[in-house]
Amino acid sequence: MLPGSHPDPSILRVGEDYYLATSTFEWYPGVRLHHSRDLVHWRPLGGALDGPRLLDLTGCPDSGGVWAPNLTHADGLFHLVYGNVSGYTGGFTDCPNLLVTAPTAEGPWSDPVPLHARGFDASLFHDTDTSWLVNLVHDWRPGHGGSAGLEATRYDRAGRRLVGEPVPLLLPPRAGWIEGPNLHRRGGRYYLITADGGTGYGHQVTVARSRTLAGPYEPDPAGPLLTSRDHPDLPLQKAGHGSLVDTPDGSTYLAYLVARPEGRHGPCILGRETALAPVHWTDDGWPRTPTGLPEATVAAPPARPPRTRDRRPAARPARPARKPLLGPEWSTLRRPAGPDWITATERPGGLRLRGGRSPQSLTGASLAARRATARHCTFEAAVDFAPAGFQHLAGITAYYNTRNWYFLYLTADDTGRTVLRRAGCDRGVTTVDETGQRPVTAGTTVRLGLDLDGPQLRFRYDPGDGWQPFGPPLDATVLSDEHAEEHDAGGIRALGFTGAFLGLWAWDLTGRGHHADFHDPQYRTRTR
C-alpha cells in the first residue's frame, strides 16, 4: 500500500477520511503522514515533526529517532504520540515519549508534552470517558529478557498530563516479548493488538482480549492474526505490527508492515513497507484475516457512493500555510531542511546544498534523499560543482546509514583538477576507487545517475554527450536492513530499520560549507 520505508503503521479514520502515520527514525521531517478517502489511493502529507521544537535528532544513532508513532483523534484534535530513541546499545533503550496535538493532520502541531521514558512503542487509547497511554516496559537488567510486559497510564486530555501510577496489563501466560501495543474496544471487550516475534522473519500480529482494560487477557485460540513466519516462500515477509480501522459501512481492515526480500529470507533493500488486509469478525468475537497470511493482492474496499447535494461533505485536511522547501517525498538526515544548508536556487528545479560534515558524523550532514520504493528504480540529478580540494565532494548517493552507503561524486585531485570518483562504505569500512576516476572539465554540468536492479546497483554519468557507465555493478544488499544490523560481545551494535534512500549529498570537510548546485533530480520506478 505504501512501498519503501513506511514501517509501524498507525491507521485512523475521522469521518470519511483515513490517515496513516509511519516511523521515520533519523530522518526529518519526523513521522510521515498520508491521507486517503478509499484506503487505496494515498496522498503524502509530508512529516508532522518538521523542526527542533517538535523533534531534536542531533546525535541520533542509526535507526534511532522516531519509533512506532501512534495517531488518534479525540476532542476535535489529532493526537500524535512518538518516541525519540537516543540510544539502544548495551541493553539500554533511551526513549522519551512525547505527545503533540493539532486541529488537522497537516498541523499546526502543538508544543510537545513530555510523557515518560519507561519504554517504547507508546500508543494512546481513548476509552468512553478516559484516555490511556499504553507501552512496553523496557527492562535493562541482564538476564531479564529486555521486557517487563505492558502497562497503561491514565492520560488527562484537558490537563495534558499523565495521572497516577502505571497499571500493569495482565497478559496471557508465556506471552514473552511483545511490543507495538494498540488497544481497541468492541462489543464490551478490550482487544489488545500487539507485535510479537521480533521485527524480522518471525514477526507476527497477535490479538488478545479482556472484559477489563487491565486484563487478564486471553489470546486468540486460532493463533496470530497475521504472520508469514512459517511460509518463507511468500513474496511478502516479516508481516507484523498491525493497526485496525473500521470503514463507515462497518468493515474492518488491518494496516501492517511487511518486507520484500531478495530471495528466500534474503536481504530487504526496500526496508519495511505498509500493507493492508481485510478483517472479518467471527461469531464469538475474534478478528480474522482471510488466510492469516500477507497477501500480495487484496480486494479494494467497496467504493463509497457519491455525495448528494444536501449532504454536508467531510472537511478536507487544511493545507499548510507555508510551503516546505522540499516536496513531501523528500527527507533530510538528522536536521531539518533550512537556509543554513539547503536553499532553492535561481534555476528552476534546482537546490543548493552547502557541504556538511563527514558521513560518520551524527550531526551536520548535508543529505537530502527519498525512499527507494521498487526493486527496479532510477535516480538522476545534474550537478554544478567547483571543488577546491579533496575535502570538497558533491554527488548522488544510495544510502542506508553512516556505515553503509555508495557515493558517486565530483571532487578535486591533488593537482586541483576536477574528477568524478566513486566511494563506498560497508559496515564502517570506507573505500575510494581513485584508479577508476574520470576527469571533468571545470565548469561543466555533469548529470549523474544510478540504477537499482534488485541486488545490484549501477552508477552512470553524462558529461554532455550521452550516458556512460561508471564502474562495475555494486552489491546493493549492503543497503539492506539485514546487512545494517550488527552485533558484538555486548549485544546490539547497530540496528537496521530504515531501508535504502537515494539522494543528493555534499561534503565540505573543512567546515566552510562550500556549495554545490543540483538540478532536475528525478526518481523513476521501472518494471525491469
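Calculation rules
- Residues numbered from 1 in each chain as written.
- Predicted model: local features only at pLDDT ≥ 70, side-chain atom pairs only at ≥ 80, totals over all residues.
- Heavy atoms only, no water.
- Helix = DSSP H or I, 4+ residues; strand = E, 2+ residues; numbered from the N terminus.
- Rg over C-alpha atoms; globule rule 2.2 N^0.38 Å.
- Buried < 20%, exposed > 50% of the residue type's maximum accessible area, 1.4 Å probe, protein only.
- Contact = heavy atoms within 4.5 Å.
- Lys, Arg positive; Asp, Glu negative; His and termini not counted.
- Charge placed at Lys NZ, Arg CZ, Asp CG, Glu CD.
- Pairing = 2+ DSSP bridges.
- Axes fitted to C-alpha atoms, helices over the stretch in contact; angles between N-to-C directions.
- Polar contact = N/O pair within 3.5 Å; in protein donor to acceptor, adjacent residues only side chain to side chain.
- 1 Å grid on protein atoms, 1.4 Å probe; cavity = no way out; pocket = protein on both sides within 12 Å on 5 of 7 lines; lining within 4 Å.
- Points joined across faces, edges and corners; volume = space filled by probe spheres on them.
- Nonpolar A, V, L, I, M, F, W, Y, C, P; charged D, E, K, R; others polar.
- Salt bridge = Lys/Arg side-chain N within 4 Å of Asp/Glu carboxyl O.
- pLDDT = per-residue confidence, 0-100.

Digging into the overall build of the chain
Here is step 1 of the chain: Helix and strand content of the chain: one helix and 38 strands.
Here is step 2 of the chain: A compact globule built from 528 residues would reach a C-alpha radius of gyration of about 24 Å, and the chain, at 24 Å, matches this within 12%.
Here is step 3 of the chain: Counting only C-alpha atoms, the chain reaches 75 × 65 × 45 Å along its principal axes.
Here is step 4 of the chain: Classification of the 528 residues of the chain by burial places 57% in the buried group.
Here is step 5 of the chain: For the chain, the share of sequence-separated contacts (at least 6 apart) that also reach a separation of at least 24 residues comes to 58%.
Here is step 6 of the chain: In the chain, 55 side chains carry a positive charge and 56 a negative one; their mean positions are 4 Å apart.

A word on the sheet that holds strand S13 (residues 161–168)
Here is step 1 of the chain: One open sheet accounts for four strands, arranged S10-S11-S12-S13; its pairing is antiparallel. Whereas interior strands pair on both sides, the edge strands pair on one side only; in this sheet they are strand S10 (123–126) and S13. In this sheet, neighbouring strand axes are inclined to one another by 30° on average, regardless of whether the strands run parallel or antiparallel.
Here is step 2 of the chain: For strand S12 (residues 147–156) and S13, the ladder comprises five bridges, and the chain directions are antiparallel. Along S13, the bridge assignment pairs Tyr155 with Leu162.

Notes on unusual backbone geometry
Here is step 1 of the chain: Backbone torsion omega between Gly107 and Pro108 reads 0°, so that peptide bond is classified as cis.
Here is step 2 of the chain: Mapped onto the elements, Pro108 comes out in the loop between strand S8 (97–102) and strand S9 (113–114).
Here is step 3 of the chain: At Arg427, a position not held by glycine, the phi torsion is positive, near 50°.
Here is step 4 of the chain: Mapped onto the elements of the fold, Arg427 is located in the loop between strand S30 (418–426) and strand S31 (429–439).

Topic: the sheet that holds strand S19 (residues 237–246)
Here is step 1 of the chain: The four strands lie next to each other as S19-S20-S21-S22, forming an open sheet whose pairing is antiparallel. Each edge of the sheet is formed by a strand with only one pairing partner; in this case those strands are S19 and strand S22 (287–288).
Here is step 2 of the chain: Of the strand pairs in this sheet, strand S21 (residues 272–281) and S22 are connected by two bridges, and their pairing is antiparallel. By the bridge assignment, Trp281 is partnered in S22 with Pro287.

A short note on the pairing of S8
Here is step 1 of the chain: Of all six residues that make up S8, six are buried, and the element is covered over most of its length.
Here is step 2 of the chain: As paired strands, strand S7 (residues 77–85) and S8 are joined by six bridges and run antiparallel to one another. Paired with Tyr82 across the bridge in S8 is Leu98.
Here is step 3 of the chain: Of the pairings in the sheet, the one linking S8 to S9 comprises two bridges and is antiparallel in character. Note on S9: the bridge partner recorded for Leu99 is Val113.

Topic: the side chain of Thr378
Here is step 1 of the chain: You can see Thr378 is positioned in strand S27 (residues 376–384).
Here is step 2 of the chain: A relative accessible area of 2% means that Thr378 is categorised as buried.
Here is step 3 of the chain: At 2.8 Å, the side chain of Thr378 forms a polar contact with the side chain of Asp451.

Here we look at empty space enclosed by the protein
Here is step 1 of the chain: Taken as a whole and judged by the stated rule, the model has three cavities of 30 Å³ or more.
Here is step 2 of the chain: Taken as a whole, the largest cavity holds about 80 Å³ of empty space.
Here is step 3 of the chain: Taken together, 13 residues form the lining of the largest cavity, with Ala68, Pro69, Asn70, Asn182 and His241 sitting closest to its centre.
Here is step 4 of the chain: Of the residues in the lining of the largest cavity, the class split is five nonpolar, six polar and two charged.

Details of the environment of Arg229
Here is step 1 of the chain: For Arg229, the location among the structural elements is in the loop between strand S18 (226–227) and S19.
Here is step 2 of the chain: On the basis of relative accessibility, which here comes to 35%, the residue Arg229 falls in the partly exposed class.
Here is step 3 of the chain: Sequence separation between Arg229 and His203 is 26 residues, and the spatial gap between their C-alpha atoms is 6.4 Å.
Here is step 4 of the chain: In this structure the side chain of Arg229 is engaged in a polar contact, spanning 3.0 Å, whose partner is the side chain of Gln204.

Details of the pairing of strand S29 (residues 404–412)
Here is step 1 of the chain: The element S29 is largely enclosed, with a buried count of nine among its nine residues.
Here is step 2 of the chain: Inspection of the sheet shows strand S28 (residues 392–401) paired to S29 by seven bridges, in the antiparallel sense. In the sheet register, Gly395 faces S29, and the bridge partner there is Tyr409.
Here is step 3 of the chain: In this antiparallel pair of consecutive strands, S28 and S29, the connection spans two residues.
Here is step 4 of the chain: Where S29 meets S30, nine bridges bridge the pair, whose relative direction is antiparallel. Counted as the bridge partner of Trp405 is Cys425 from S30.
Here is step 5 of the chain: Turn length for the S29-S30 hairpin, with the two strands adjacent in sequence and antiparallel, is five residues, and the turn residue Gly416 shows positive phi of about 90°.

Points about the pattern of salt bridges
When their charged atoms lie close together, side chains carrying opposite charge are able to pair.
Here is step 1 of the chain: On inspection of all chains with the given rule, the structure shows 30 salt bridges.
Here is step 2 of the chain: Asp246 serves as the salt-bridge partner of Arg186, at 3.9 Å between the closest nitrogen and oxygen. Placement of Arg186 in strand S14 (residues 178–186) and of Asp246 in strand S19 is noted, with a sequence separation of 60 residues between them.
Here is step 3 of the chain: The partly exposed category is assigned to Arg186, whose relative accessible area is 31%.
Here is step 4 of the chain: With relative accessibility at 35%, the residue Asp246 sits in the partly exposed group.
Here is step 5 of the chain: Its salt-bridge partner being Arg288, residue Asp220 comes within 2.8 Å of it at the nearest N-O pair. Taken together, the residues span a long stretch of sequence, with Asp220 in the loop between strand S17 (218–219) and S18 and Arg288 in strand S22 at a distance of 68 residues.
Here is step 6 of the chain: Residue classification places Asp220 among the buried residues on the basis of a relative accessible area of 7%.
Here is step 7 of the chain: Accessibility expressed as a relative area gives 23% for Arg288, which makes it partly exposed.

Focus on the confidence of the model for the chain
Should pLDDT be low for a region, the predicted coordinates there are not to be read in detail.
Here is step 1 of the chain: In the predicted model, the chain carries a mean pLDDT of 94, and 96% of its residues have values of at least 70.
Here is step 2 of the chain: Counting interchain partners and residues more than four positions distant, the pLDDT-below-50 stretch residues 309–321 has 20 contacts.

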